[in-house]
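Summary of structural features
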Amino acid sequence: MPPPKSHKPYFFHGHRKPSHNRSVVRGGLFSNRQTIVPSNSAKPYNPTSNFIPFDLEKWYPQNSSSSSSSNPLPLARNHSLSNVSQRLSPIARFIRDAFRKNGNQWCPSLVSELHKLRRVTPDLVAEVLKVESNPNLASKFFHWAGKQKGYKHTFASYNAFAYCLNRNSLFRAADQLPELMDSQGKQPTEKQFEILIRMHADANRGLRVYYVYQKMKKFSIKPRVFLYNRIMDALIKTGHLDLALLVYDDFRTDGMVEDSVTYMIMIKGLCKFGRIEEMTEVLGRMRANLCKPDVFAYTAMIRVLVGQGNLDGSLQVWEEMEQDGVDPDVMAYVTLVTGLCKGGRAERAYQLFKQMKEKGILIDRSIYSVLIEAFVENGKVGSALSLLQDLVESGYRADLGIYNSLIQGLCNLKQVDKAHKLFQVTVKEGLEPDFKTVNPMLVSYVEMKRMEDFFKLLEQMAKLGFPVIDDISKFFSFMVDEKRIQVALEVFNDLKSKGYISVPIYNILMEALLNTRDIKQALTLFNEMNNTNLEADSNTYSIATICFVEDENIREACACHNKIIEMSCVPSVAAYCSLAGGLCEIGEIDEAMLLVRDCLGNVPNGPMEFKYTLAILHVCKSGDAGKVIEVLNEMMQEGCRLDEVTCCAVISGMCKHGTIEEARKVFTDLRVRKLLTESKTIVYDEMLIEHMKKKTADLVVSGIKFFGLESKLKAKGCNLLSS
């Protein structure tokens, strides 16, 4: 038998003819077998050696000088050598280079560049628009191309224009393309609407999807089943179930036949919104017209219902699955058991767990974990321990979360010794217990007055590498509340004797005492900390500032504020508010207003009351009480309370820019509306008079200093004293 005839190689010389799918190569000898490398003596091709008039056939940006430089500059996105343009045809790259050279602006010079081309085809327009990022330029180019003699846009160019507009967030303009096509004699098809629907669906714009669907009906275009499914799915995902049901009614009116995707979209949507009866009806139609749902479909329904917290609905779907004779798999069991445990139905979940064991289904450790946590929350620690034993016998190793849950349950039942044994097990198994593991035992030892065991556990924590001081801070954060604050103070006294003290512990206790209005005890802790080697931080001084203001010691409060500033720190918002209110109460209004400005300048999200304080100061420049009242009404509508700082802002602004009478109008209005008590109104009126006197005196002194009359004033004062 003769050997098969080999394919004869062919050769050609010159540059390959350009096409849409392959780049242009100039010069050289090519073969279908191998590339013939030219000798070193051959002179390289250099298109820039001689001046040649413009000819598109000889325009190759790869041969430009910029591409051959040793350190090329970064290329613009629309440069013909950029990665975006690598696969474009030469003419498309020429157009994009023309855009770049004219600054991406539509101008006469750009039009003259484009007129060098004999003709721009619709495919070329689509190719350019697919990569163009400037929507204004793309729109101008699209309409310029449409004005060519004998030119008509194709579906490809329209679609590329729609993609360009949507890519640049001009989706509303993209929605008008069907009307543009119709006006230019091109009847839009279902494909154009499908593109728009897909764009809106991917961006979760459900209402725009419905808008495009309505436009389809105006053009008498009937969607396919696939597109109907896409529309209903987008509407349901964006929370518009009623609109999806309207589309489903149109689907059935048009005589469409549901497929499995259609049924599952509607069933999952109805499950998501808890409309179980309607879901059951659709499920019945699915059984009658198509087929029974499989285990994956039922699992998806259960997952949706569990995610919405509808446990009754999920159990009803489970019953439907059993009636259809569908055997649930491990994923279905895990989904429902987890949902029931988190919903407080541990007994029902345990029944499903036993079904899994009877069927021999592989039970994951996560199911054991959620069941144990659910039993512990219900106080059934014995059942939880039985599950732990079953878990170990099944060949699993319990994780730290399971042990933490069991230790918490045992401590709740005052069985702290058993909890400590489990803690020892976690240490032996190398699970690296954390603060969440030991905190229930620490609290139980304190509540049971077993301080020796408490300190032994602290010593054991230190040996295991726990950050004991940080964990004690977390312990006090858990302990301090209105009922256990005194117990926490007693424990703290015992810890001080052992040397377990830190600034965060003092801060936690001081803040807890402040919240319970035990100001004296909080200040005692502050003074005690100052007498130790500990250095107070900004949080300490912020709490102390509030305590001193509550104790009516504004001088010490200001000293604490100054300490924070010296540390180059910022006081807390609560400290700012408290100190500003305290300054207003003693009549230091100007200092309070400076503090308000300082707070808003240093705190990213300052209190809304302070922002309205500045608004009141600004409105007072008009001297009109009515405008000030409007700002106060807006402030109270926003939920801000009328406090001392706000009222003092009225006093400060009116004394500086208005009159006493206008300020009194504001307070009278507040008094009539029962927003101020009569006693408060009298106090603010006295503060208004005093502040006006102070401002007047300041103006007089400033005038004397301006005209240089201080010496005469002092001499006159001495003569009066001698007489």
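Relevant structure appears above.
Residues numbered from 1 in each chain as written. Predicted model: local features only at pLDDT ≥ 70, side-chain atom pairs only at ≥ 80, totals over all residues. Heavy atoms only, no water.

**Topic: the overall build of the chain**
When helices and strands are counted, the chain shows 38 helices and 2 strands. Taken over 723 residues, the chain has a buried fraction of 44%. For the chain, the proportion of contacts with a sequence separation of at least 24, taken over those separated by at least 6, is 60%. (Helix = DSSP H or I, 4+ residues; strand = E, 2+ residues; numbered from the N terminus. Buried < 20%, exposed > 50% of the residue type's maximum accessible area, 1.4 Å probe, protein only. Contact = heavy atoms within 4.5 Å.)

**Digging into the packing of aromatic side chains**
Applying the stated criterion across every chain yields a total of 23 aromatic pairs. A ring pair is formed by Phe454 and Phe475, whose centres lie 5.6 Å apart and whose planes are at 50°; its orientation type is tilted. Taken together, the positions of Phe454 in helix 24 (residues 451–463) and Phe475 in helix 25 (residues 468–479) put the pair 21 residues apart, joining distant regions of the chain. Across the pair, exposure class does not vary: Phe454 and Phe475 are buried alike. Arranged with centres 6.0 Å apart and planes meeting at 85°, the rings of Phe526 and Phe548 form a pair that is edge-to-face. Note that Phe526 is positioned in helix 28 (residues 519–530) and Phe548 in helix 29 (residues 538–550), a separation of 22 residues in sequence. Both residues of the pair, Phe526 and Phe548, belong to the buried class. Cluster of aromatic residues (ring-pair linked, three or more members): Phe454, Phe455, Phe475, Phe476, Phe492 and Tyr506. The side chain of Arg208 reaches across the aromatic face of Tyr211, ending 4.7 Å from its centre. Residue placement shows Lys498 over the ring face of Phe455; its charged tip is 5.2 Å from the ring centre. (Phe/Tyr/Trp six-rings, centres within 6.5 Å; stacked < 30°, edge-to-face > 60°. Lys NZ or Arg CZ within 6 Å of the ring centre and 35° of its normal.)

**Some details on the state of the cysteines**
Two cysteines, two sulfur atoms, one covalent bond between them: this is a disulfide. Scanning all chains against the criterion turns up 0 disulfides. Cys547 takes part in no disulfide bond, and the closest cysteine sulfur, belonging to Cys560, lies 9.1 Å away. Judged by its relative accessible area of 0%, Cys547 falls in the buried class. Free of any disulfide, Cys648 has its nearest cysteine sulfur in Cys584, 3.6 Å distant. Of the residues examined, Cys648 reaches a relative accessible area of 0% and is grouped as buried. (Disulfide = S-S within 2.5 Å.)

**Observations concerning unusual backbone geometry**
The bulk of non-glycine residues show a negative phi, and the bulk of peptide bonds are trans. The residue Glu552 is not glycine, and still its phi comes out positive at about 60°. Inspection of the secondary structure puts Glu552 in the loop between helix 29 and helix 30 (554–566). Exposure remark for Glu552: the relative accessible area of 72% places this residue in the exposed category. One non-glycine residue with positive phi stands out, namely Ser568, at about 60°. Assignment of secondary structure puts Ser568 in the loop between helix 30 and helix 31 (573–585).

**Overview of the packing of helix 13 (residues 260–272) against helix 15 (residues 295–307)**
Between helix 13 and helix 15, the least distance of the axes is 8 Å, while the angle of their chain directions is 25°. In this view, helix 13 runs roughly parallel relative to helix 15, as classed from their interaxial angle. Both helix 13 and helix 15 take part in a crossing whose hand is right-handed. Residues Met264, Ile267, Lys268, Cys271 and Lys272 of helix 13 lie in contact with helix 15, whose contacting residues are Ala297, Ala300, Met301, Val304 and Leu305. Looking at the contact of helix 13 with helix 15, its residues break down into 8 nonpolar, no polar and 2 charged. (Axes fitted to C-alpha atoms, helices over the stretch in contact; angles between N-to-C directions. Parallel < 35°, antiparallel > 145°, perpendicular 65-115°, else oblique. Left-handed = near helix turned anticlockwise from the far one by under 90°. Nonpolar A, V, L, I, M, F, W, Y, C, P; charged D, E, K, R; others polar.)

**So, helix 22 (residues 416–428)**
With 13 residues, helix 22 extends 18 Å from end C-alpha to end C-alpha; this agrees with the ideal 18 Å at 1.5 Å per step. Within helix 22, the full set of buried residues consists of Val416, Ala419, His420, Leu422, Phe423 and Thr426. Down the axis of helix 22, the smallest arc covering the buried residues is 160°, so these residues share one side. Exposed residues pointing more than 90 degrees away from the buried face of helix 22 are listed as Lys421 and Lys428. Considering only its buried residues, helix 22 is in contact with helix 20 (381–393), helix 21 (400–412), helix 23 (435–447) and helix 24. (Expected span 1.5 Å × (residues − 1). Arc of directions from axis to C-beta.)

**Quick look at the environment of Pro188**
As for its placement among the helices and strands, Pro188 is situated in the loop between helix 8 (177–183) and helix 9 (190–202). Judged by its relative accessible area of 3%, Pro188 falls in the buried class. Spatially, the C-alpha atom of Pro188 lies 8.3 Å from that of Phe155, the residues being 33 residues apart in sequence.

**Some thoughts on helix 9**
Given 3.6 residues to a turn, an α-helix orients residues that are three or four positions apart in the same direction. The end-to-end C-alpha distance of helix 9 is 18 Å, a good match for the 18 Å that 13 residues give at a rise of 1.5 Å each. Counted residue by residue, helix 9 has 10 buried out of 13 residues, so it is predominantly covered. Taken residue by residue, helix 9 has Glu190, Gln192, Phe193, Glu194, Ile195, Leu196, Ile197, Met199, His200 and Ala201 as its buried positions. Turning to helix 9, the residues buried within the fold contact helix 6 (155–167), helix 7 (171–174), helix 8, helix 10 (206–218) and helix 11 (225–237). Positioned one or two residues after helix 9, Asn204 has a phi angle of 60°, which is positive.

**Some words on the packing of helix 26 (residues 485–498) against helix 27 (residues 503–515)**
Packed helix pairs are characterised by how far apart their axes lie and by the angle those axes make with each other. Running from amino to carboxyl end, helix 26 crosses helix 27 at an angle of 155°, the nearest separation of the two axes being 11 Å. Compared by their axis directions, helix 26 and helix 27 come out roughly antiparallel. The chirality of how helix 26 crosses helix 27 is left-handed. Along the contact surface, helix 26 presents Ile485, Ala488, Leu489, Phe492 and Lys496, while helix 27 presents Ile505, Tyr506, Leu509, Ala512 and Leu513. For the contact of helix 26 with helix 27, the per-class residue count stands at 9 nonpolar, no polar and 1 charged.

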